[in-house]
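# Summary of structural features
If you want the building blocks of each chain, they are given just below.
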Amino acid sequence: MSRILRPQFQQLGVIGCGLIGGSFALAAKRAGLVKRVMGYSKSPSTTEAAKRLGVIDVAAESALLAVSGSDLVLVAVPVSATEATLRAIRHLVQIQPNTLFMDVGSTKADVAIAAQKVLGDLAGQFVPAHPIAGKELAGVQNADAQLFQGRQVVLTPLPENDAAAVQKAAGVWAALGCKVLKMTPENHDAAYAAVSHFPHLLAFAYFQSVMRQPSGREFMELAGTGFRDFTRIAGGDPNVWRDILLANRDEVLHQSQRFRSVLDRFEHWLKEGDRDAIETLLKQVSEARNKWSPAFFDAEDGEPSSHF
């Protein structure tokens, strides 16, 4: 990507003042990107808490009012609510042509379709984004101005986006300390199905398989750090993960099939007692894993429980 310029905005409108939206607001203010923050959440108590904690400056009574007068808007709602949210603010997208709109959803193909369906020719103002950041604990009370520092953010531009809009979006995230990547929505969803969405499904399924055994709870009392680390992401928000898994179901199922084929091979070798085959594969995987390190370390494995 070419040199990223630092944009400036008069007002940020945040729709969804939870952990991600709240952290974005704090980070934008700390970085000097915005002068004022308008915030709206479906839950009035969340909006009130955001105002009380200084995350937002003004509490809006609707998504439309949060957008009104804003030249930067962040849609931080569950992916299943993206289309309805865009419908609610479409009027102001039309009359505020210089406003940059972004989301933070964990799936992007569905978000792209929703934006094109609802906004039509106006979709050029909306640049889909996915910051790979979060915490175990959700809620605006856990918002953190440093949340995005040293993290990756993936932009998945729409065909309707011009270069200036994408550059402006990149500038926002770079100012918050992010490394900015660009991918197509389809490539994004395939990649995150492999490294995040399916692993979460696997963690949920594995934990349940242990818990539902007759002696499951006794087994878990004996578990150590390996079990804890492997199942940590199974503590994610069920509503968030239901939406993510359904939104990206085709890619998640593809990863499940690939995993099942490897698991079948392991099971076959175990039944046959094939020590050499098991050792060979374990050695290959162990060596590859020990050589691997992520470009940017994410404590939340890319998809924290509080992320949409």
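The preceding data block contains the structure.
Treat the numbers as computed from the prediction; the structure is a model and nothing was measured.

Counting its secondary structure elements, the protein contains 12 helices and 9 strands. Taking 2.2 N^0.38 as the reference for a compact globule, 308 residues should give roughly 19 Å; the C-alpha atoms of the protein span a radius of gyration of 21 Å, in line with that estimate. Counting only C-alpha atoms and orienting by the principal axes, one finds that the protein spans roughly 70 × 40 × 30 Å. Each of the 308 residues in the protein was classed as buried or not, and the buried ones make up 47%.

Moving on, we come to the pairing of strand 2 (residues 34-40). Within a regular strand, side chains alternate between the sheet's two faces. Two elements, strand 1 (residues 9-15) and strand 2, share 6 bridges in a ladder whose sense is parallel. Within the sheet, the bridge partner assigned to phenylalanine 9 lies in strand 2 and is valine 34. With 2 bridges connecting them, strand 2 and strand 3 (residues 58-59) associate as parallel partners. Looking at the pairing, glycine 39 lines up with alanine 59 of strand 3. One crossover worth recording links strand 2 to the parallel strand 3 by way of helix 2 (residues 44-52), and it is right-handed.

With that out of the way, let us pick up the sheet that holds strand 5 (residues 100-103). Strands in a sheet are paired, the pairing made by backbone hydrogen bonds, and the direction either parallel or antiparallel. As summarised here, the arrangement of the 6 strands in space is 3-2-1-4-5-6, forming an open sheet in which the pairing is parallel. Each end of this open sheet is capped by a strand with a single partner; those strands are strand 3 and strand 6 (126-127). Together, strand 1, strand 4 (72-75), strand 5 and strand 6 form the strand contacts of helix 6 (residues 163-175), whose direction differs from that of strand 5 by roughly 60°.

A cluster of acidic residues, Glu272, Asp274, Asp276 and Glu279, forms a negative patch on the protein surface. Assignment of secondary structure puts aspartate 274 in the loop between helix 11 (249-272) and helix 12 (275-291). Judged by its relative accessible area of 30%, aspartate 274 falls in the partly exposed class.

Those residues of helix 10 (residues 238-247) that fall on the buried side of the exposure criterion are Val240, Trp241, Asp243, Ile244 and Leu245. If you follow the buried residues of helix 10, they end up packed against helix 7 (185-211) and helix 11. The distance from a side-chain oxygen at the start of helix 10 to the backbone nitrogen of asparagine 239 is 2.8 Å, and the residue carrying that oxygen is aspartate 237.

Tracing the chain through its elements places isoleucine 132 in the loop between strand 7 (129-131) and strand 8 (152-155). Taking the C-alpha atoms as reference points, isoleucine 132 and leucine 147, 15 residues apart in sequence, are found 9.8 Å from one another.

Let us look at the packing of helix 4 (residues 82-95) against helix 5 (residues 109-119). Following both chains from N to C, one finds helix 4 and helix 5 inclined at 40°, their axes separated by 9 Å at the closest point. Taken together, the axes of helix 4 and helix 5 lie oblique to each other. Crossing of helix 4 over helix 5 shows right-handed handedness. When helix 4 is examined against helix 5, the residues Thr82, Glu83, Leu86, Arg87, Arg90 and Val93 are found in contact with a partner set consisting of Val111, Ala114, Ala115, Lys117, Val118 and Leu119. Residue classes in the contact of helix 4 with helix 5 are distributed as 7 nonpolar, 1 polar and 4 charged.

A few words now on the pattern of salt bridges. Using the criterion set out here, one finds 6 salt bridges in the structure. The partner of lysine 29 in a salt bridge is aspartate 57, with the nearest N and O atoms 3.4 Å apart. Separated by 28 residues along the polypeptide, lysine 29 in helix 1 (residues 19-30) and aspartate 57 in the loop between helix 2 and strand 3 bring together distant segments of the chain. By relative accessible area, lysine 29 is classed as partly exposed at 24%. Measuring nitrogen to oxygen at the nearest pair gives 3.2 Å for the salt bridge that ties glutamate 83 to lysine 117. Placement of the pair is glutamate 83 in helix 4 and lysine 117 in helix 5, with a sequence separation of 34 residues. Among the residues examined, lysine 117 registers a relative accessible area of 54% and is labelled exposed.

Counting residues in each nonpolar core, the largest one holds 42 residues, and the members touching the most others are Leu12, Phe24, Leu72, Met102, Phe148, Leu155 and Trp173. Elements with a minimum of two residues in this core: strand 1, helix 1, strand 2, helix 2, strand 4, strand 5, strand 8 and helix 6. Ile15, Met38, Ala66 and Phe126 belong to the second-largest nonpolar core, a separate cluster that totals 23 residues.

Moving on to the packing of aromatic side chains. Under the counting rule described, the total for this entry stands at 8 aromatic pairs. Between the aromatic rings of tyrosine 206 and phenylalanine 230, the centroid separation amounts to 5.2 Å while the plane-to-plane angle is 85°, which identifies the pairing as edge-to-face. Residue tyrosine 206 is located in helix 7, and its partner phenylalanine 230 is located in helix 9 (residues 225-231); the two are separated by 24 residues in the primary sequence. Exposure remark for phenylalanine 230: the relative accessible area of 44% places this residue in the partly exposed category. Ring geometry for phenylalanine 207 versus phenylalanine 227: centroids 5.8 Å apart, planes at 35°, classification tilted. Here phenylalanine 207, found in helix 7, pairs with phenylalanine 227, found in helix 9; they are 20 residues apart in sequence, far enough to count as distant. Judged by relative accessible area, which is 19%, phenylalanine 227 ranks as buried. Pairwise contacts between aromatic rings join Tyr206, Phe207, Phe227 and Phe230 into one cluster.

Conventions we followed
Residues numbered from 1 in each chain as written. Predicted model: local features only at pLDDT ≥ 70, side-chain atom pairs only at ≥ 80, totals over all residues. Heavy atoms only, no water. Helix = DSSP H or I, 4+ residues; strand = E, 2+ residues; numbered from the N terminus. Rg over C-alpha atoms; globule rule 2.2 N^0.38 Å. Buried < 20%, exposed > 50% of the residue type's maximum accessible area, 1.4 Å probe, protein only. Pairing = 2+ DSSP bridges. Right-handed = clockwise from strand over helix to strand, strands pointing away. Contact = heavy atoms within 4.5 Å. Axes fitted to C-alpha atoms, helices over the stretch in contact; angles between N-to-C directions. Patch = residues over 30% accessible without salt bridge, like charges linked within 9 Å, V, L, I, M, F, W, Y side chains within 5 Å. Areas by Shrake-Rupley, 256 points an atom, 1.4 Å probe, with all protein chains shown as cover. Salt bridge = Lys/Arg side-chain N within 4 Å of Asp/Glu carboxyl O. Lys, Arg positive; Asp, Glu negative; His and termini not counted. Charge placed at Lys NZ, Arg CZ, Asp CG, Glu CD. Polar contact = N/O pair within 3.5 Å; in protein donor to acceptor, adjacent residues only side chain to side chain. Parallel < 35°, antiparallel > 145°, perpendicular 65-115°, else oblique. Left-handed = near helix turned anticlockwise from the far one by under 90°. Nonpolar A, V, L, I, M, F, W, Y, C, P; charged D, E, K, R; others polar. Core = buried A, V, L, I, M, F, W, Y, C linked by side-chain atoms within 4.5 Å. Phe/Tyr/Trp six-rings, centres within 6.5 Å; stacked < 30°, edge-to-face > 60°.

Don't take any of this as a statement about function, it's just geometry.
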